[in-house]
Amino acid sequence: MDNVTLFANQGVDINVSNLTKVYKTAAEEVSALKGVDFSVKSGQAVAIMGPSGCGKSTLMNLIGGVDNPTSGNISVGDQEISTTTERGLEQYRLLKVGFVFQFFNLVPTMTAFENLELPMMVAGKEEAECRERAHALLDLVGLAHKGEKRPDQLSGGEQQRVGIALALANDPQLLLADEPTGNLDEKNATNITQLLLSLAEQNGKTVVMVSHDPKCIAQFPITYAMRDGNFVAQES
Ligand code: ADP
Ligand code: MG
């Protein structure tokens, strides 16, 4: 299977406007996002830097449709995420967005290959297509020979490669990577960052990465900074 078949879907524009998120707990209210305006063009790779607690994961979760905003708009292509029904969001998360996490998010009892097949089976793809795509995705991330390994038999860098392949399983338009190198040494962090960048540059995906690692951020062509729930001008 060649690259063209592996990725039929191009990226997508993201437009976030006046986005707020207040977490209400019994004890307090936390204003995690305070009126964020943010846009990404289809096929761009964008990195967002900021200290712990500034709202990076909250922003990613809202764009990814895993949590609801308090107010504001999030359009991803022609879809308005803030008003999409829960059922619509399920489809959106399964088919349109790929998430890459700091802790890889692989099922520990399943092989790399089985991990990759899972979201494709959930999406209703034929068994043969799941198999072919899982092979092609492992090949893409340089792990064609490690498909039968379970996560605990792979290094951190290898697990994150599987994590990226997993995020790409259903050919999403958008990749959201939340501290994808947070658990990796410097060499693996660079490799993973380059892999994410190539998915925008060579495959036309929209890629948004958040991180507090300046070395990874610096590899991205477009970078933003966040502080205390909003975007701020970058010191340079
Ligand atoms: P970052 O990813 O930049 O470290 P987060 O988006 O995780 O920041 O958190 C932003 C703020 O919101 C922090 O003050 C955090 O404590 C708070 N927060 C995040 N998630 C929750 C939650 N589920 N309930 C209450 N507060 C939360
Ligand atoms: Mg975070």
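Calculation criteria
Residues numbered from 1 in each chain as written. Chains lettered and ligands numbered in written order. Predicted model: local features only at pLDDT ≥ 70, side-chain atom pairs only at ≥ 80, totals over all residues. Heavy atoms only, no water. Helix = DSSP H or I, 4+ residues; strand = E, 2+ residues; numbered from the N terminus. Rg over C-alpha atoms; globule rule 2.2 N^0.38 Å. Buried < 20%, exposed > 50% of the residue type's maximum accessible area, 1.4 Å probe, protein only. Contact = heavy atoms within 4.5 Å. Pairing = 2+ DSSP bridges. Axes fitted to C-alpha atoms, helices over the stretch in contact; angles between N-to-C directions. Parallel < 35°, antiparallel > 145°, perpendicular 65-115°, else oblique. Left-handed = near helix turned anticlockwise from the far one by under 90°. Nonpolar A, V, L, I, M, F, W, Y, C, P; charged D, E, K, R; others polar. Near = heavy atom within 4 Å. Polar contact = N/O pair within 3.5 Å; in protein donor to acceptor, adjacent residues only side chain to side chain. Areas by Shrake-Rupley, 256 points an atom, 1.4 Å probe, with all protein chains shown as cover.

**Some points on the overall build of the protein chain**
Then comes step 1: Looking only at helices and strands, the protein chain features eight helices and 10 strands.
Then comes step 2: Here the C-alpha atoms of the protein chain give a radius of gyration of 17 Å, agreeing with the 18 Å that 2.2 N^0.38 yields for 236 residues.
Then comes step 3: Overall, the protein chain is about 45 × 40 × 35 Å in size when its C-alpha atoms are taken along their principal axes.
Then comes step 4: When burial is assessed residue by residue, the protein chain has 49% of its 236 residues classed as buried.
Then comes step 5: Nonlocal contacts in the protein chain, meaning residues at least 24 apart in sequence, comprise 73% of its contacts between residues at least 6 apart.

**Some points on the sheet that holds strand β10 (residues 230–232)**
Then comes step 1: One open sheet accounts for six strands, arranged β6-β7-β8-β3-β9-β10; its pairing is mixed. The open sheet has two edge strands, β6 (97–100) and β10, and neither has a second partner. Strand-to-strand twist in this sheet, taken as the mean axis angle between neighbours without regard to direction, amounts to 25°.
Then comes step 2: Pairing between strand β3 (residues 45–49) and strand β9 (residues 222–227): four bridges, direction parallel. Bridging across to β9, V46 finds its partner in I222.
Then comes step 3: Against the sheet, helix α6 (residues 156–167) contacts β6 and β7 (174–178), and its axis sits at roughly 165° relative to β6.

**A few points about the packing of helix α4 (residues 112–122) against helix α5 (residues 127–140)**
Packed helices, taken two at a time, are described by the angle between their axes plus the distance between the axes.
Then comes step 1: One way to put it is that α4 packs onto α5 with a least axis distance of 9 Å and a crossing angle of 130°. Taken as axis vectors, α4 and α5 run oblique relative to one another. Relative to α5, α4 is oriented so that their crossing is right-handed. Where α4 abuts α5, its residues A112, F113, L116, E117, M120 and M121 lie against C130, R131, R133, A134, H135, L137 and L138.
Then comes step 2: Across the contact of α4 with α5, the residue classes break down as nine nonpolar, one polar and three charged.

**Here's the deal with the environment of E179**
Then comes step 1: Assignment of secondary structure puts E179 in the loop between β7 and α7 (186–201).
Then comes step 2: Under the relative-accessibility criterion, E179 is labelled buried at 11%.
Then comes step 3: Considering only alpha carbons, one finds E179 and M120, 59 residues apart in sequence, at a separation of 25 Å.
Then comes step 4: Ignoring anything within four residues of it in the chain, the contact list for E179 reads K56, Q102, V210, S211 and H212.

**Side note on the sheet that holds strand β5 (residues 79–80)**
Then comes step 1: As summarised here, the arrangement of the four strands in space is β2-β1-β4-β5, forming an open sheet in which the pairing is antiparallel. Strands with a single pairing partner mark the edges of an open sheet, and in this sheet they are β2 (29–40) and β5.
Then comes step 2: Judged from the two bridges that link them, strand β4 (residues 71–76) and β5 form a sheet pairing that is antiparallel. Within β5, the residue paired with S75 across the bridge is E80.

**Some words on the site of ligand 1**
Then comes step 1: Residues in close proximity to ligand 1 include Y23, T25, V30, A32, P51, S52, G53, C54, G55, K56, S57 and T58, which together make up its full environment.
Then comes step 2: At 2.6 Å from an oxygen atom of ligand 1 is found a main-chain nitrogen or oxygen belonging to G53.
Then comes step 3: Within the backbone of C54, a nitrogen or oxygen atom sits 3.3 Å from an oxygen atom of ligand 1.
Then comes step 4: In isolation ligand 1 has 560 Å² of accessible area, and contact with the protein removes 61% of it.
Then comes step 5: Elements represented by at least two residues in the shell around ligand 1 include exactly β2 and α2 (56–63).
Then comes step 6: It is α2 that provides the largest number of residues to the shell around ligand 1, a total of three residues.

**A word on the packing of α6 against α7**
Then comes step 1: α7 packs onto α6 with a crossing angle of 15° between their chain directions and a minimal axis gap of 10 Å. Here α7 runs roughly parallel to α6, going by the angle between their axes. Regarding α6 and α7, the two cross each other, and that crossing is right-handed. Contacts between α6 and α7 pair G157, Q160, R161 and I164 from the former with N188, N191, I192, L195, L196 and L199 from the latter.
Then comes step 2: Class assignment for the residues of the contact of α6 with α7 results in five nonpolar, four polar and one charged.

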